Amino acid sequence: MAAVFRQLFVDFFSTIVFLVVYAATGDILIATGVAIAGAIGQFIRARIKRQKLDIMTWASLGLVIVLGSATLLTKDPRFVLIKPSIAHFAIGAIMLRKGWMLRYLPPIVQENIPHLVTLAGYAWAVLMFVLGIGVIVFAMIGDVKLWAFYVTVIAIGAKVLAFAIQYVVFRVTITRKLRAAAAAAQVSSA
């Protein structure tokens, strides 16, 4: 689980830097410039450490530079604000692959409810697309504080809530299935 959060931090590093600097300065241009510098610094650090860079890292760097530069040139924050939506759409597209979630779950889940895991995987994809659309909507409104609230509270809260619901549904379903199997075994042995 720690590896997942570490990777999310890496993928959203420039967005986090942008939010922190914007919160501290209130200046979109400074926040954008520091986010671009942070993304380039993150890239250089990875190259020096000879880390393998996956497609999301390259895409994130390209998006930060292109959209950040558009923001700096036009002084329009909407360019840099839509970046997280692209990440949501990319992740959502990956989540459309059947069974993507199975490798992240313990064997008891894989063995007992693979059909439910597949449905949950598609539900996660839908959630990512909806959150990505929300990012665009709030970016187009142009209110950076409202956008920041959406990205940090609403989008993250929706994912935490979805994870909690999924956990409860999986746990209850598996418990019921195992109890029913144990009861059936008792009846057949009696």
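Please read these numbers as outputs of a predicted model, since none were measured by experiment.

## Observations regarding the overall build of the protein chain
- The secondary structure content of the protein chain amounts to nine helices and zero strands.
- Listed by position from the N terminus, the elements making up the protein chain come as α-α-α-α-α-α-α-α-α.
- On C-alpha atoms alone, the protein chain measures out to a radius of gyration of 21 Å, which is more than a quarter above the 16 Å that the 2.2 N^0.38 rule sets for 190 residues.
- Oriented by its inertia axes, the alpha-carbon framework of the protein chain measures out at about 80 × 40 × 25 Å.
- Counting only residues that meet the buried cut, the protein chain has 35% of its 190 residues in that class.

## Notes on the packing of helix H8 (residues 114-141) against helix H9 (residues 144-189)
- One can describe the packing of H8 onto H9 by two numbers: an axis separation of 10 Å at closest approach and a directional angle of 170°. Overall, the two elements H8 and H9 adopt an arrangement that is roughly antiparallel.
- Classifying every residue of the contact of H8 with H9 by side-chain character gives 22 nonpolar, three polar and one charged.

## A few points about the UniProt feature "transmembrane region" (unreviewed entry) in the protein chain
- Per the UniProt record, "transmembrane region" (unreviewed entry) is found at residues 12-41, 53-73, 79-96, 116-141 and 147-170.
- Measuring from the first to the last C-alpha atom of residues 12-41 gives 14 Å, for a span that is 90% helix and 0% strand.
- With 89% helix and 0% strand, residues 79-96 has its two end C-alpha atoms placed 27 Å apart.

## Topic: the domain arrangement of the protein chain
- Once the domains are mapped, the protein chain shows domain 1 (1-75) and domain 2 (76-189).
- Spacing between the C-alpha centres of domain 1 and domain 2 amounts to 24 Å.
- Taken together, the contact pairs 20 residues of domain 1 with 18 residues of domain 2.
- In total, about 1,600 Å² of surface goes out of reach between domain 1 and domain 2, with carbon and sulfur atoms giving 83% of it.
- Counting across the domain 1 and domain 2 interface gives zero salt bridges.
- At the level of elements, helix H2 (13-25), helix H3 (28-48) and helix H4 (55-74) are the ones that each hand at least two residues to the side of domain 1 that touches domain 2.
- For the side of domain 1 that touches domain 2, the leading source of residues is H4, giving nine residues.
- Looking at the side of domain 1 that touches domain 2 residue by residue, the class counts come to 11 nonpolar, seven polar and two charged.

## Some details on the packing of H2 against H3
- Here H2 crosses H3 at 150°, and the two axes come no closer than 8 Å. In this view, H2 runs roughly antiparallel relative to H3, as classed from their interaxial angle. Crossing geometry of H2 relative to H3 is assigned as right-handed. Residues Phe13, Ser14, Val17, Phe18, Val21, Tyr22 and Thr25 of H2 pack against Ile28, Ile30, Ala31, Thr32, Val34, Ala35, Gly38, Ala39 and Gln42 of H3.
- Along the lines of polarity and charge, the residues of the contact of H2 with H3 split into 11 nonpolar, five polar and no charged.

Definitions and limits used
- Residues numbered from 1 in each chain as written.
- Predicted model: local features only at pLDDT ≥ 70, side-chain atom pairs only at ≥ 80, totals over all residues.
- Heavy atoms only, no water.
- Helix = DSSP H or I, 4+ residues; strand = E, 2+ residues; numbered from the N terminus.
- Rg over C-alpha atoms; globule rule 2.2 N^0.38 Å.
- Buried < 20%, exposed > 50% of the residue type's maximum accessible area, 1.4 Å probe, protein only.
- Axes fitted to C-alpha atoms, helices over the stretch in contact; angles between N-to-C directions.
- Parallel < 35°, antiparallel > 145°, perpendicular 65-115°, else oblique.
- Nonpolar A, V, L, I, M, F, W, Y, C, P; charged D, E, K, R; others polar.
- UniProt positions renumbered as here; feature names shortened; annotations may be inferred.
- Domains from an automatic or database assignment.
- Contact = heavy atoms within 4.5 Å.
- Buried area = accessible area lost by both parts, 1.4 Å probe.
- Salt bridge = Lys/Arg side-chain N within 4 Å of Asp/Glu carboxyl O.
- Left-handed = near helix turned anticlockwise from the far one by under 90°.

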